[in-house]
Amino acid sequence: MSSLYNRSAWFEGQGLWPHVPETEWRDWTWQLKNRLTTVEQMERHMTLTSEEKEGCRLSNHKLALAITPYFFNLIDRDDPDCPIRRQVIPRGEEMNVSQEEMLDSLGEDAHSPVPGLVHRYPDRVLFLVTDRCAAYCRYCTRSRLVSNAQDYNFHPEYEQALRYIEAHPEVRDVLLSGGDPLLLSDKKLDHLLGRLRAIPHVEFIRIGSRIPVFLPQRITPDLCEIFKKHGPVWMSIHVNHPRECTAELREACEKLAFAGVPLGNQSVLLRGVNDGVEVMKELVHRLLQMRVRPYYLYQMDLITGGSHFKVDVRKGLEIIRALRGYTTGYAVPQYVIDAPGGGGKVPINPEYVEKITDEEVVFRNYEGRRYHYPLASTPVPRTPSPADTPVVLPVELFQ
Ligand SMILES: *Cc1c(COP(=O)(O)O)cnc(C)c1O
């Protein structure tokens, strides 16, 4: 097992950019400018499999290819099955499309009153503020619009979206997503958050972002000041594998937490990445140590070209069963399926309840032992007892 919070290879003078000065390496704009976006750039550093070369060749018609140097350095270049590599380097298999898969599997477009705004649940909206990311996850649930590889021509209409939220007092929760909202400039974020904060019925603001994982350098003191100013702003990050929990990510999470941003994590259950009890347990433990509460574990959406990532739901249930009771309750995420067609997130839970009658509920604990909890109770008349006399606590107790 690799040790906790290794600084990425760059800090050890290893990895692929050892000669880049620290000020540049830590500059998020340098990381963005130097992203790897072609087969040729990647092949300068590692040998790609033919499956990957095929994937890279085709990816620009599906979902752009881009990987930050920071994240690329986390790849084990000698391991064709490296779980980091699988998430960001395209494979030819992405072009295999099965019948059940859909471009807009969550029916988001049908629930959009304004371009870029999805109003599915009664009290909250999903506000897609950009179609760009720092790097692209090959199992992206919004690949139809993200990176514009499929000519979706996504244009978020901020003014229209804000007016919609202002006009709908039932919207108490706004979730900024995309694309990755933290790719917006400080100025734009400051403006957007300020506008949302000024709407009296918007109680809860949160951001879904993988930037802390792909580009931790983006979490600057200036950005944190913006979150402080408009807080509380909650954030869901997206970590899938314990190797993503580097010293840099830890530092980014710490800065966010100290700026008053409560942190959650959303993982996607992915074959060959995190579809095992041990790897998931290590991940959730590391997250807690970074002040991040595992929030959701997603069954992968039925996206086009995602079948090579698909994991059996029974495996997901086995993972949850192996966590609940065996580790800290805070470490256990809620396993969900986002219902195809737009039914929203539905919890998928291991079954602990065996029977409920008017008299009792019968259930098993995490070890499989059976317990009874009586529901009907027959009242017993109360007889006065010495315990009815109030006890006066000695005042010293409170000093
Ligand atoms: C996931 C999602 C939300 C937020 O759901 P929570 O369960 O509150 O985290 C809101 N709107 C849409 C369309 C979503 O997909």
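Predicted model, so just to flag it, every value in this text is computed and none were measured.

Enquirer: I'd like a rundown of the site of the ligand, residues and numbers included.
Expert: Close to the ligand lie Val118, Arg120, Tyr121, Arg124, Leu126, Leu175, Arg206, Tyr295, Tyr296 and Lys345, which account for all nearby residues. At 2.7 Å from an oxygen atom of the ligand is found a side-chain nitrogen or oxygen belonging to Arg206. Contact distances for the ligand include 2.5 Å between an oxygen atom and a side-chain N or O atom of Tyr296. Coverage of the ligand by the protein amounts to 91% of the 390 Å² it exposes when considered alone. If one sorts the elements of the shell around the ligand by residue count, strand S1 (residues 117-121) sits on top with three residues. For the shell around the ligand, the residue count by class is six nonpolar, no polar and four charged.

Enquirer: Report on the sheet that holds strand S7 (residues 292-299), specifying residues and quantitative values.
Expert: On the basis of which strands lie adjacent, the open sheet formed by nine strands has the order S1-S2-S3-S4-S5-S6-S7-S8-S9 and mixed pairing. Each edge of the open sheet is held by one strand with a lone partner, namely S1 and strand S9 (344-347). Averaged over all pairs of adjacent strands, the angle between their axes in this sheet comes to 30°, without regard to strand direction.

Enquirer: Lay out the state of the cysteines with the relevant residues and their values.
Expert: Enumeration over the complete set of coordinates arrives at zero disulfides. Cys133 forms no disulfide, and the closest cysteine sulfur to it belongs to Cys140, at a distance of 6.3 Å. Lacking any disulfide linkage, Cys224 is separated from the closest cysteine sulfur, that of Cys253, by 11 Å.

Parameters at a glance
- Residues numbered from 1 in each chain as written.
- Predicted model: local features only at pLDDT ≥ 70, side-chain atom pairs only at ≥ 80, totals over all residues.
- Heavy atoms only, no water.
- Near = heavy atom within 4 Å.
- Polar contact = N/O pair within 3.5 Å; in protein donor to acceptor, adjacent residues only side chain to side chain.
- Areas by Shrake-Rupley, 256 points an atom, 1.4 Å probe, with all protein chains shown as cover.
- Helix = DSSP H or I, 4+ residues; strand = E, 2+ residues; numbered from the N terminus.
- Nonpolar A, V, L, I, M, F, W, Y, C, P; charged D, E, K, R; others polar.
- Pairing = 2+ DSSP bridges.
- Axes fitted to C-alpha atoms, helices over the stretch in contact; angles between N-to-C directions.
- Disulfide = S-S within 2.5 Å.

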